[in-house]
Amino acid sequence: YRERFVCVSRKGHAAFAEGRPSARDFLALRHVRVQRGERGDRLDATLAKKRWRLNVQVAITNFALLPYLLESSDLVAVIRIARARAPLRVRCARS
């Protein structure tokens with residue numbers, strides 16, 4: 001089983017104006033994390049293998065809050081692609 005992820009942000013986010021940012025620039029962006037309880041996060045584990053880490057500025061426990069945080073800030077989030085297909089009302093930048 002392979003999970004796919006997508007980065008979501010508000011429409012017009014400066015980080016995506018010129019296309020996809022470099023890995024270094026992407027990791028430096030201000031991220032929102034949606035916490036899912038005690039279990040480990042597969043994305044963090046994958047990034048850790050390359051010694052990378054997201055710049056998490058905000059952690060939330062309710063996915064429903066995410067669109068409101070994104071559309072009123074320069075925050076971004078990495079979410080499972082299945083979640084991104086729900087109506088978020090924010091720009092989805094595909095990898």
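Residues numbered from 1 in each chain as written. Predicted model: local features only at pLDDT ≥ 70, side-chain atom pairs only at ≥ 80, totals over all residues. Heavy atoms only, no water.

### Describing the overall build of the protein chain
Step number 1: In terms of helices and strands, the protein chain carries four helices and five strands.
Step number 2: Mapped in sequence order, the helices and strands of the protein chain form the string β-α-β-α-β-α-β-α-β.
Step number 3: Looking at the 95 residues of the protein chain, the share that counts as buried comes to 34%.
Step number 4: Roughly 6,800 Å² of accessible area belongs to the protein chain as shown, and the carbon and sulfur atoms make up 49% of that amount. (Helix = DSSP H or I, 4+ residues; strand = E, 2+ residues; numbered from the N terminus. Buried < 20%, exposed > 50% of the residue type's maximum accessible area, 1.4 Å probe, protein only. Areas by Shrake-Rupley, 256 points an atom, 1.4 Å probe, with all protein chains shown as cover.)

### Quick look at the nonpolar core
Step number 1: In this structure, Val6, Val8, Val32, Val34, Ile60, Phe63, Leu66, Leu70, Leu75, Ala77, Ile79 and Ile81 together form the largest nonpolar core, which totals twelve residues.
Step number 2: Taken together, the elements giving at least two residues each to this core come down to strand S1 (5–9), strand S2 (30–34), helix H3 (66–71) and strand S4 (76–80).
Step number 3: Once residues lying within four places of it in the same chain are set aside, the contact partners of leucine 66 are Val8, Val32, Val34, Ile60, Ala77 and Ile79.
Step number 4: Counting residues in hydrophobic clusters, the runner-up holds five residues, among them Leu27, Leu43, Leu47 and Leu54. (Core = buried A, V, L, I, M, F, W, Y, C linked by side-chain atoms within 4.5 Å. Contact = heavy atoms within 4.5 Å.)

### Re the pairing of S2
Step number 1: Bridge analysis of S2 against strand S3 (residues 55–60) gives five bridges, and the strand direction is parallel. Paired with histidine 31 across the two strands is valine 56, which belongs to S3.
Step number 2: Pairing analysis gives two bridges linking S2 to S4, with the strands arranged parallel. Each bridged residue has a counterpart across the sheet, and for histidine 31 the counterpart in S4 is valine 76. (Pairing = 2+ DSSP bridges.)

### Let's talk about unusual backbone geometry
Step number 1: One non-glycine residue, arginine 51, lies in the positive phi region at around 65 degrees.
Step number 2: Position of arginine 51 relative to the elements: it lies in the loop between helix H2 (42–49) and S3.
Step number 3: Of the residues examined, arginine 51 reaches a relative accessible area of 79% and is grouped as exposed.

### Overview of the pattern of salt bridges
Step number 1: Scanning all chains against the criterion turns up two salt bridges.
Step number 2: Across the salt bridge formed by arginine 10 and aspartate 74, the nearest N and O atoms sit 2.6 Å from each other. One end of the pair, arginine 10, is in the loop between S1 and helix H1 (23–28); the other, aspartate 74, is in the loop between H3 and S4, with 64 residues separating them in the sequence.
Step number 3: The class for arginine 10 is partly exposed, based on a relative accessible area of 23%.
Step number 4: In this structure aspartate 74 comes out as partly exposed when scored by relative accessible area, which is 40%. (Salt bridge = Lys/Arg side-chain N within 4 Å of Asp/Glu carboxyl O.)

### Remarks on the confidence of the model for the protein chain
Step number 1: Summarising the model, the protein chain shows a mean pLDDT of 83, and 81% of its residues fall at 70 or more.
Step number 2: Mean pLDDT values over the elements of the protein chain span from 49, in strand S5 (residues 91–93), up to 95, in H1. (pLDDT = per-residue confidence, 0-100.)

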